[in-house]
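Listed below are the residues making up each chain.
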Amino acid sequence: MPLELVTIPCLQDNYAYLLHDAASGHTTLVDAPAAAPILKALADRGWHLDQILLTHHHADHIQGVPELVAATSATVIGAKADAHRLPPLTHAVSEGDTITIGPDTAQIIDVTGHTIGHIAFLLPGMAFTADSLMAGGCGRLFEGSPAVMWQSLSKLAALPAETLICSGHEYTTANLAFAATIEPDNADLQARIARTAAARAAGIATVPSLLSEELATNPFLRANLSHIKAMLGLPEATDAAAFAEIRSRKDHF
């Protein structure tokens, strides 16, 4: 029986995720923007929280941890490289490590760029990417360089196309509006913009998204394409340099 995935809106535009294994009753949380909506989601389903996975140190991803730990005694797993900026960790992990989530094994990969020490959790068919790869975009580079972020995104782009990308914010509408300035004639992008508008009008979350959809519409994953480089006026640029130009444009969009 596969893990059940629940997407929980938190704060103004954050998302947390619950993963539940019905066979064992084991429940895992990815990121903790706020305790109250997460505790409600658990109570509504009669689930007990066993472990909390943290992607990076920003407050809107960790500030619910103390209350959740106090209420559930859940263990806390986060990046060893970021441990000094995270709540107290039960277990610190690095790229290449694995952890158990119900019946599945999750791989840890370093996706430094938005922050140094940002990690993603990879499960069969799912990737919890928080503020690295986002629906229609990527996180602002607060700490990492464009070259490092491009490397991180390239790791994620190489996953199977049917992978669900479980990212950390409801930024899709704005991300796609920017994407249209890079590729105005991308039919897949225009169709996604329409689907996103309909979903938001109905109050439906636009995450998770499929990696195949990101590869077809997300300009930050498409910086290696020759027609994108030409549209940027950088036909001879490296992939990382084209990504840097797109990221700079988004920062000023």
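Please read these numbers as outputs of a predicted model, since none were measured by experiment. (Residues numbered from 1 in each chain as written. Predicted model: local features only at pLDDT ≥ 70, side-chain atom pairs only at ≥ 80, totals over all residues. Heavy atoms only, no water.)

Q: I'd love a proper account of the overall build of the chain, names of residues and values included.
A: Secondary structure summary: the chain contains nine helices and 14 strands in total. The C-alpha atoms of the chain give a radius of gyration of 18 Å, which matches the 18 Å a tight globule of 253 residues would have. By its C-alpha atoms, the chain is 55 × 40 × 30 Å across when sized along the principal axes. Across the 253 residues of the chain, 51% fall into the buried class. Of the roughly 10,400 Å² of accessible surface on the chain, 56% is carried by carbon and sulfur atoms. Computed over 14 positive and 26 negative side-chain charges, the separation of the two mean positions in the chain equals 5 Å. (Helix = DSSP H or I, 4+ residues; strand = E, 2+ residues; numbered from the N terminus. Rg over C-alpha atoms; globule rule 2.2 N^0.38 Å. Buried < 20%, exposed > 50% of the residue type's maximum accessible area, 1.4 Å probe, protein only. Areas by Shrake-Rupley, 256 points an atom, 1.4 Å probe, with all protein chains shown as cover. Lys, Arg positive; Asp, Glu negative; His and termini not counted. Charge placed at Lys NZ, Arg CZ, Asp CG, Glu CD.)

Q: Can you lay out the packing of aromatic side chains for me, pointing to particular residues and giving the numbers?
A: Taken as a whole and judged by the stated rule, the model has five aromatic pairs. Arranged with centres 5.5 Å apart and planes meeting at 70°, the rings of Tyr-17 and Phe-128 form a pair that is edge-to-face. Linking Tyr-17 in strand β2 (residues 14–21) with Phe-128 in strand β10 (residues 126–130), this pair joins segments that are 111 residues apart in sequence. Neither residue differs from the other here; Tyr-17 and Phe-128 are each classed as buried. Arranged with centres 5.8 Å apart and planes meeting at 70°, the rings of Phe-220 and Phe-243 form a pair that is edge-to-face. Taken together, the residues Phe-220 in the loop between α7 (211–217) and α8 (226–231) and Phe-243 in helix α9 (residues 239–251) connect sequence positions 23 residues apart. Across the pair, Phe-243 and Phe-220 agree in class, each one buried. (Phe/Tyr/Trp six-rings, centres within 6.5 Å; stacked < 30°, edge-to-face > 60°.)

Q: So, the sheet that holds strand β4 (residues 51–53): which residues are in play, and what are the values?
A: Strands belonging to one sheet form pairs held by backbone hydrogen bonds; the direction of such a pair is parallel or antiparallel. Strand order across the open sheet formed by six strands is β1-β2-β3-β4-β5-β6, with mixed pairing between neighbours. Each edge of the open sheet is held by one strand with a lone partner, namely β1 (4–10) and β6 (91–93). The mean angle between the axes of side-by-side strands here comes to 20°, regardless of whether they run parallel or antiparallel. Relative to β6, strand β5 (residues 75–79) runs parallel, the two being bridged by three bridges. (Pairing = 2+ DSSP bridges. Axes fitted to C-alpha atoms, helices over the stretch in contact; angles between N-to-C directions.)

Q: I'd like a rundown of the packing of helix α5 (residues 172–182) against α9, residues and numbers included.
A: In the contact formed by α5 and α9, the axes pass within 11 Å of each other and the chain directions differ by 125°. Comparing their axes, α9 and α5 come out oblique. Here the hand of the crossing between α5 and α9 comes out right-handed. Between α5 and α9, the contacting residues are Asn-175, Phe-178 and Ile-182 on the first element and Ile-246, Arg-249 and Lys-250 on the second. (Parallel < 35°, antiparallel > 145°, perpendicular 65-115°, else oblique. Left-handed = near helix turned anticlockwise from the far one by under 90°. Contact = heavy atoms within 4.5 Å.)

Q: Got a sec to walk through the nonpolar core? Specific residues and values, please.
A: By size, the foremost hydrophobic cluster in this structure holds 24 residues, and its most contacted members are Leu-133, Leu-153, Phe-220, Phe-243 and Ile-246. Among the secondary structure elements, those contributing two or more residues to this core are β9 (119–123), α4 (146–157), α5 and α9. With four residues, the single largest contributor to this core is α4. The residues touching Ile-246, leaving out its near neighbours within four places in the chain, are Phe-178, Pro-219, Phe-220, Ala-223, Ile-228 and Leu-232. (Core = buried A, V, L, I, M, F, W, Y, C linked by side-chain atoms within 4.5 Å.)

Q: Go over the side chain of Thr-112 with me, naming the residues and quoting the values.
A: Note that Thr-112 resides in the loop between β8 (104–110) and β9. At 2.7 Å, the side chain of Thr-112 and the side chain of Asp-110 are in polar contact. In terms of polar contacts, Thr-112 uses its side chain to reach the backbone amide nitrogen of Gly-117, at 3.0 Å. Those residues in contact with Thr-112 that lie beyond four places of it in its chain are Gly-117, His-118, Val-148, Met-149 and Ser-152. (Polar contact = N/O pair within 3.5 Å; in protein donor to acceptor, adjacent residues only side chain to side chain.)

Q: Break down the environment of Ile-116 for me, with residues and values.
A: Assignment of secondary structure puts Ile-116 in the loop between β8 and β9. For the pair Ile-116 and Leu-141, spaced 25 residues apart in the sequence, the C-alpha separation amounts to 9.5 Å. When near neighbours in sequence (up to four residues on either side) are disregarded, Ile-116 contacts Asp-82, Arg-85, Glu-143 and Gly-144.

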